[in-house]
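# Observations on the model geometry
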Amino acid sequence: MLGFIHFADNLSAWFGKAFAWLIVLMAVGTGYEVFVRYVLNQPTAWALDVSFIMYGTLFMMGGAYTLSRGGHVRGDFLYRLWQPRTQAKIDFILYIIFFFPGVTALILSGWKYASRSWGYGEVSVNSPAGVPIYQFKTVIVAAGILLFIQGIAQLCRCIIAMRTNEWVAAREDVFETEDLMIQQANKAEKDAHP
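As the structure is a computational prediction, the values presented were derived from the model and not from experiment.

Reading the values: rules and limits
- Residues numbered from 1 in each chain as written.
- Predicted model: local features only at pLDDT ≥ 70, side-chain atom pairs only at ≥ 80, totals over all residues.
- Heavy atoms only, no water.
- Core = buried A, V, L, I, M, F, W, Y, C linked by side-chain atoms within 4.5 Å.
- Buried < 20%, exposed > 50% of the residue type's maximum accessible area, 1.4 Å probe, protein only.
- Helix = DSSP H or I, 4+ residues; strand = E, 2+ residues; numbered from the N terminus.
- Axes fitted to C-alpha atoms, helices over the stretch in contact; angles between N-to-C directions.
- Parallel < 35°, antiparallel > 145°, perpendicular 65-115°, else oblique.
- Left-handed = near helix turned anticlockwise from the far one by under 90°.
- Nonpolar A, V, L, I, M, F, W, Y, C, P; charged D, E, K, R; others polar.
- Contact = heavy atoms within 4.5 Å.
- Polar contact = N/O pair within 3.5 Å; in protein donor to acceptor, adjacent residues only side chain to side chain.
- Phe/Tyr/Trp six-rings, centres within 6.5 Å; stacked < 30°, edge-to-face > 60°.
- Expected span 1.5 Å × (residues − 1).
- Arc of directions from axis to C-beta.
- Disulfide = S-S within 2.5 Å.

By size, the foremost hydrophobic cluster in this structure holds 18 residues, and its most contacted members are M61, L67, Y95, F99, F100, V103 and L147. Only α4 (63-68), α5 (84-120) and α6 (134-164) provide two or more residues apiece to this core. At eight residues, the largest contribution of residues to this core is made by α6.

And the structure:
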């Protein structure tokens, strides 16, 4: 089970980090649009659609990564007071009842939308440029599959926590700036006063 958890976490992290680079492309594209619109007075017909597509893709493909790191919002005013074993039992039941049916519906409906969209080469009706969007509909399926794989890993985490009363933590690979600054300050203080 640990092997699968690590596999799913690494897969989700790879996709999440790869698609995070869309932020840079969105910033460049938006900067370009602002320049040509307000400086050259020649706005593009495609910039808004492309930014929507990249923004949606970023969030869809980052969902499994966020799930693997426990980053999704949860109402934990009671949950945080429970033992890990109890948390795992509740999570396990909720994954089975809500998460997997929802993600399965996402994959199946996404497949339907994507196959239709590819079939007639769907383009955006929101801009005169006719930006193709069939590839974006495929992202729905890919994101759903990644969420399903990560969901299985989360079930494995629940099973382990039910047995051991301890959660299998995901590898931390992103840190808050404030935490890093505190660590650096503590290290500098420790080095100054050995």
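Having seen the structure, we can now continue with the description.
Two numbers describe how α5 lies on α6: the axes approach to 8 Å, and their chain directions differ by 165°. Taken as axis vectors, α5 and α6 run roughly antiparallel relative to one another. Classified by chirality, the crossing of α6 by α5 is left-handed. The class makeup of the residues in the contact of α5 with α6 is 26 nonpolar, nine polar and five charged.

The next subject is unusual backbone geometry. In the Ramachandran plot, N41 falls in the positive-phi region, its phi being about 55° despite a non-glycine side chain. Structurally, N41 can be placed in the loop between α2 (22-38) and α3 (47-61). Looking at N41, the relative accessible area reads 63%, which means it is exposed. With a phi close to 65°, N165 is a non-glycine residue in the positive phi region. In this fold, N165 is placed in the loop between α6 and α7 (177-192). We classify N165 as partly exposed; its relative accessible area is 22%.

For the rest of this paragraph, the subject is the environment of T57. Residue position: T57 is located in helix α3. Owing to a relative accessible area of 8%, T57 belongs among the buried residues under this scheme. Taking the C-alpha atoms as reference points, T57 and F19, 38 residues apart in sequence, are found 7.6 Å from one another. For T57, the residues in contact, after removing those within four places along its chain, are F19, L22, F136 and V139. Here the side chain of T57 touches I53 through a polar contact of 2.7 Å, landing on its backbone oxygen.

Attention now goes to the packing of helix α1 (residues 2-20) against α6. Interhelical geometry of α1 versus α6 gives an angle of 145° and a closest axis separation of 9 Å. Pair α1 / α6 crosses with left-handed handedness. Across the interface between the two elements, L2, F4, I5, F7, A8, D9, L11, S12 and F15 from α1 touch L146, I149, Q150, I152, A153, C156, R157 and I160 from α6. Residue composition of the contact of α1 with α6, grouped by class: 13 nonpolar, two polar and two charged.

For any pair of aromatic rings, the description consists of the separation of the ring centres together with the inter-plane angle of the planes. The tally for this structure, following the rule as stated, stands at ten aromatic pairs. Taking the centre distance of 4.8 Å and the plane angle of 70° together, the rings of Y55 and F59 count as edge-to-face. Separated by four residues within a single helix, Y55 and F59 lie in helix α3, roughly one turn from each other. Given the relative accessible area of 54%, F59 is considered exposed. Cluster of aromatic residues (ring-pair linked, three or more members): Y95, F99, F100 and F148.

With that out of the way, let us pick up α1. The terminal C-alpha atoms of α1 lie 26 Å apart, and with 19 residues this matches the ideal 27 Å at 1.5 Å per residue to within 8%. Every buried residue of α1 is listed here: I5, A8, D9, S12, A13 and G16. Seen along its axis, α1 keeps its buried residues to an arc of 130°; they face one direction. Facing away from the buried surface of α1 by more than 90 degrees, the exposed residues are G3 and W14.

Bringing the state of the cysteines into the picture now. Summed over all chains, the structure comprises zero disulfides. Not engaged in a disulfide, the cysteine C156 finds its nearest cysteine sulfur in C158; these two sulfurs lie 9.1 Å apart. Judged by its relative accessible area of 10%, C156 is buried. On the basis of relative accessibility, which here comes to 1%, the residue C158 falls in the buried class.

In short, geometric facts, not functional conclusions.
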